[in-house]
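Fold and geometry: a report
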Amino acid sequence: MNDTHIRNLLQDLHEAGERNDEETQERSQKMLNLEPDTAHFLYLLLRSSQRKHILEIGTSNGYSTIWLAWAAAQNGGHVVSIDRYEQKHVLADSNLRKAELRDVVNLIVGDASAIVTKLPGPFDCVFFDADRISAPQQLSLLVPKLTPGALVLADNVISHPQEIAGYLAAIHAMPQFDHMVVPIGKGLSMAFYKG
């Protein structure tokens, strides 16, 4: 695993995603990648806290997945990543292979709410970066599958406050979480699961 190779690939993927999103009106065709600062922050957070069992909801083209997998690989861990769109699964698969991280990630295509019901867990990190409306339901399904000390993260708190309001309300209603918003990129919700 070559760090320079991965960083160059990530930069190329982010730039390609930006160009795609400027040219595409159809939401399902957009990549909607994380801001690079947010992605790098997640990588440092997960690597330094030795996260090994990571769930990502919202794979897209694999940009954020590569960051998560890069951290997980160095911790001897694994990522499960879910996306509802088959064409994005194909892109993510290809990009993870280019990053030489495909063996660290289990890519699953389908409806995340249905899939998380069947996932055994446990997870020490969950990252929500897809449909913010269904995130509260997915959160309630995942709480029993979290390890004590798990991190639960969600993007777009500042950029999409109305859409993510239900998720934030759900987190605040659960006393077992210590929560804050990190003002990085489009706003990152960070919750620590006290168990």
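Remember, predicted model here, so these are calculated numbers, not experimental data.

Reading the values: rules and limits
Here the residue index of a chain counts from 1 through its sequence in written order. Only residues with pLDDT of at least 70 are given local features in this predicted model, and only at 80 or more are side-chain atom pairs given and counted; all residues enter the totals for whole chains, interfaces and linings. Side-chain numbers come from the whole structure's heavy atoms, not from hydrogens or water. Here an axis means a line fitted to C-alpha atoms, over the contact stretch when the element is a helix, while the angle between two N-to-C directions is reported on a 0 to 180 degree scale. Runs of E in the DSSP output that reach at least two residues are strands. Runs of H or I that reach at least four are helices, and both are numbered from the N terminus. Relative orientations are named as follows: roughly parallel for angles under 35 degrees, roughly antiparallel for angles over 145 degrees, roughly perpendicular for angles from 65 to 115 degrees, and oblique for any other angle. Each helix crossing is assigned a hand: it is left-handed if the near helix lies turned anticlockwise from the far helix by less than a right angle, otherwise right-handed if that turn is clockwise. Any two residues whose heavy atoms approach within 4.5 Å at even a single point are treated as in contact. When residues are grouped by polarity, Ala, Val, Leu, Ile, Met, Phe, Trp, Tyr, Cys and Pro land in nonpolar, Asp, Glu, Lys and Arg in charged, and all others, Gly among them, in polar. Only buried Ala, Val, Leu, Ile, Met, Phe, Trp, Tyr and Cys residues count toward a nonpolar core, and they belong to the same one when joined by side-chain atoms within 4.5 Å. Relative accessibility thresholds used throughout: buried, under 20% of the residue-type maximum; exposed, over 50%; partly exposed, between the two (1.4 Å probe, protein chains only). Only Phe, Tyr and Trp rings take part, Trp by its six-membered ring, and two of them pair if their centres are within 6.5 Å. Stacked means planes under 30 degrees apart, edge-to-face means over 60, and tilted covers everything else.

1. Notes on the packing of helix α2 (residues 36–48) against helix α3 (residues 63–74)
With their axes 8 Å apart at the nearest point, α2 and α3 run at an angle of 20 degrees to one another. Our classification of the angle between α2 and α3 gives roughly parallel. You can see that α2 and α3 cross each other, and the crossing is right-handed. For the pair α2 and α3, contact is made by Pro36, Ala39, His40, Leu42, Tyr43, Leu46 and Arg47 and by Tyr63, Trp67, Leu68, Trp70, Ala71 and Gln74, respectively. When grouped by side-chain class, the residues that make up the contact of α2 with α3 number 10 nonpolar, two polar and one charged.

2. Concerning unusual backbone geometry
Cis geometry is adopted by the peptide bond preceding proline 122, which originates at glycine 121 and carries an omega value of -5 degrees. Its location among the elements puts proline 122 in the loop between α5 (112–118) and β4 (123–128).

3. Section: the nonpolar core
Counting residues in hydrophobic clusters, the biggest one holds 35 residues, and the most contacted among them are Leu46, Ile66, Leu101 and Leu153. Listed by contribution, the elements that provide at least two residues to this core are α1 (3–23), α2, α3, α4 (86–98), β3 (105–109), β4, β5 (146–154) and β7 (188–193). The element best represented in this core is α3, accounting for eight residues. Sequence-distant contacts of isoleucine 66, defined by excluding residues within four places in its chain, comprise Ile6, Leu9, Leu10, Leu13, Asn95, Leu96, Ala99 and Leu101. One finds Ile82, Val126, Leu168 and Ala170 within the second-largest nonpolar core, a separate group that totals 30 residues.

4. Some details on the packing of helix α6 (residues 135–142) against helix α7 (residues 161–172)
The axes of two packed helices give the description: the angle between them and the distance between them. Two elements in contact, α6 and α7, have axes separated by 8 Å at closest approach and are oriented at 30 degrees. Our classification of the angle between α6 and α7 gives roughly parallel. Of α7, the residues touching α6 (which contributes Ala135, Pro136 and Leu139) are Gly166, Tyr167, Ala170 and Ile171. A breakdown of the residues in the contact of α6 with α7 according to their chemical character gives six nonpolar, one polar and no charged.

5. Focus: the packing of aromatic side chains
For the structure on display, the rule yields five aromatic pairs. Between phenylalanine 177 and tyrosine 193 the ring centres are 5.2 Å apart and the planes differ by 50 degrees, which places this aromatic pair in the tilted class. Taken together, the residues phenylalanine 177 in strand β6 (residues 177–182) and tyrosine 193 in strand β7 connect sequence positions 16 residues apart. Exposure remark for phenylalanine 177: the relative accessible area of 8% places this residue in the buried category. Given the relative accessible area of 11%, tyrosine 193 is considered buried. Through pairs of rings, three or more aromatic residues link up here, namely Tyr43, Trp67 and Trp70.

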